[in-house]
Amino acid sequence: MQYDVEALRNNVAEKPDDSDAQKELANALFNNAMDLSEEGKYEEADKLILELIDFADKYYENPDVLFNYGRAILNSMPIYFGRSSQTDLKGKINHLRELSIKTQNKQLKEIIAMILVNAIYDFSLSNQTPSISEFSLELSDLSRTNPKNHTIQNAGAKGMMNTVLYFLEKNDHVAALKHFKNLMKIIEANPREEMVDSRKLIQLKEYFKY
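Along each chain, numbering runs from 1 in the same order as the chain's sequence is written. Where totals are concerned, whole chains, interfaces and linings use all residues; where local detail is concerned, this predicted model gives features only for residues with pLDDT of at least 70, and gives and counts side-chain atom pairs only at 80 or more. Each side-chain value is derived from all of the structure's non-hydrogen atoms; neither hydrogens nor water enter the calculation.

Here A119 shows up in helix α6 (residues 106-124). Only protein chains enter the accessibility calculation, which uses a 1.4 Å probe. A residue is then buried if its area is under 20% of the maximum for its type, exposed if over 50%, and partly exposed in between. A relative accessible area of 0% means that A119 is categorised as buried. C-alpha separation for the pair A119 and R144, spaced 25 residues apart in sequence, amounts to 19 Å. For the purposes of this entry, the term helix denotes a DSSP run of H or I that reaches at least four residues, the term strand denotes a run of E that reaches at least two, and both are numbered from the N terminus.

Following this line, the structure appears as structure tokens:
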């Protein structure tokens, strides 16, 4: 079902300080963009996502706007990968990071953690080693600074695991060991959680003689 975005735009124009009007438009932009992408109409979907990015910049104090913006970027990453340049992808991640820092919004932090996990996997497909190192470092920092956040901790563990496996495939054992140590910090800080594949974790422990 397509929302009447134009009517909701007019509603915000008439009531620019109405948080509910802002929420309704952000939600409509997200849902319409996702529907269009499922139909293969990627250019039309991208226009709505770009509008939502601008909308989030303007109404960043509204947590509902931020949530819809964040989940739009999260859900559209698979669409952009392979259709956009690495620079464009990283630009969207950087913008999300900046808003996350600016607003200190919990949901946005969780979303960027999940996006970083996806980015590590996606960029590994094209052997973008510097970007993978950068994303992993950021994810490790997020995990360290948000020790009580279950979503971020799980994302950190999954991202570190993927990074370790990537560097092992590249025979870069120094980098693999570095990220394995970061993985174990997260695992040991969450002893009651099964955060990654237990069989692979056992194999890595044996490999690194941990």
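Take helix α3 (residues 42-58) next. The end-to-end C-alpha separation of α3 is 24 Å, in line with the 24 Å expected for 17 residues at 1.5 Å each. Structurally, α3 contributes buried residues whose contacts are with α1 (5-14), α2 (19-38), α4 (63-80) and α5 (86-103). Every helix has an expected span of 1.5 Å times one less than the residues it contains. For this analysis, residues touch if any pair of their heavy atoms sits within 4.5 Å.

To continue, consider the pattern of salt bridges. Salt bridges are defined as contacts in which a side-chain nitrogen from Lys or Arg sits within 4 Å of a carboxyl oxygen from Asp or Glu. In the structure shown here, the tally under the stated rule is 8 salt bridges. A salt bridge links E51 to R9; the shortest N-O distance between them is 2.7 Å. Taken together, the positions of E51 in helix α3 and R9 in helix α1 put the pair 42 residues apart, joining distant regions of the chain. Of the residues examined, R9 reaches a relative accessible area of 27% and is grouped as partly exposed. The salt bridge partner of E39 is K41, with a shortest N-O separation of 3.3 Å. Linked by salt bridges that have partners in common, E6, R9 and E51 make up one network.

By size, the foremost hydrophobic cluster in this structure holds 67 residues, and its most contacted members are Y69 and L183. Here the element with the most residues in this core is α6; it accounts for 10 residues. Residue contacts for L183: discarding those within four places in its chain leaves A157, M160, M161, V196, L201 and L204. By nonpolar core is meant a set of buried Ala, Val, Leu, Ile, Met, Phe, Trp, Tyr and Cys residues that side-chain atoms within 4.5 Å join together.

Let us now look at the packing of aromatic side chains. Two measures describe an aromatic ring pair: the distance that separates the ring centres and the angle between the ring planes. Ring pairs are drawn from Phe, Tyr and Trp, using the six-membered ring of Trp, whenever the two centres fall within 6.5 Å, and their geometry is named by plane angle: stacked under 30 degrees, edge-to-face over 60, tilted for the rest. Tallied over the entire structure, the rule returns 6 aromatic pairs. The interplanar angle of 85° and the centroid separation of 5.4 Å between the aromatic rings of F180 and Y210 together place this pair among those described as edge-to-face. With F180 in helix α9 (residues 173-189) and Y210 in the segment after α10 (198-207), this pair connects stretches of sequence that are 30 residues apart. Residue class for F180 comes out buried when judged on its relative accessible area of 1%. With centroids separated by 5.0 Å and ring planes inclined at 90°, the aromatic side chains of Y207 and F208 adopt a geometry described as edge-to-face. Given a relative accessible area of 16%, F208 falls into the buried group. Among the aromatic residues, ring-to-ring pairing joins F180, Y207, F208 and Y210 into one connected group. Between K102 and the ring centre of Y60, over which it is positioned, the NZ or CZ distance is 4.0 Å. To sit over a ring, a charge needs its Lys NZ or Arg CZ within 6 Å of the ring centre and within 35 degrees of the ring normal.

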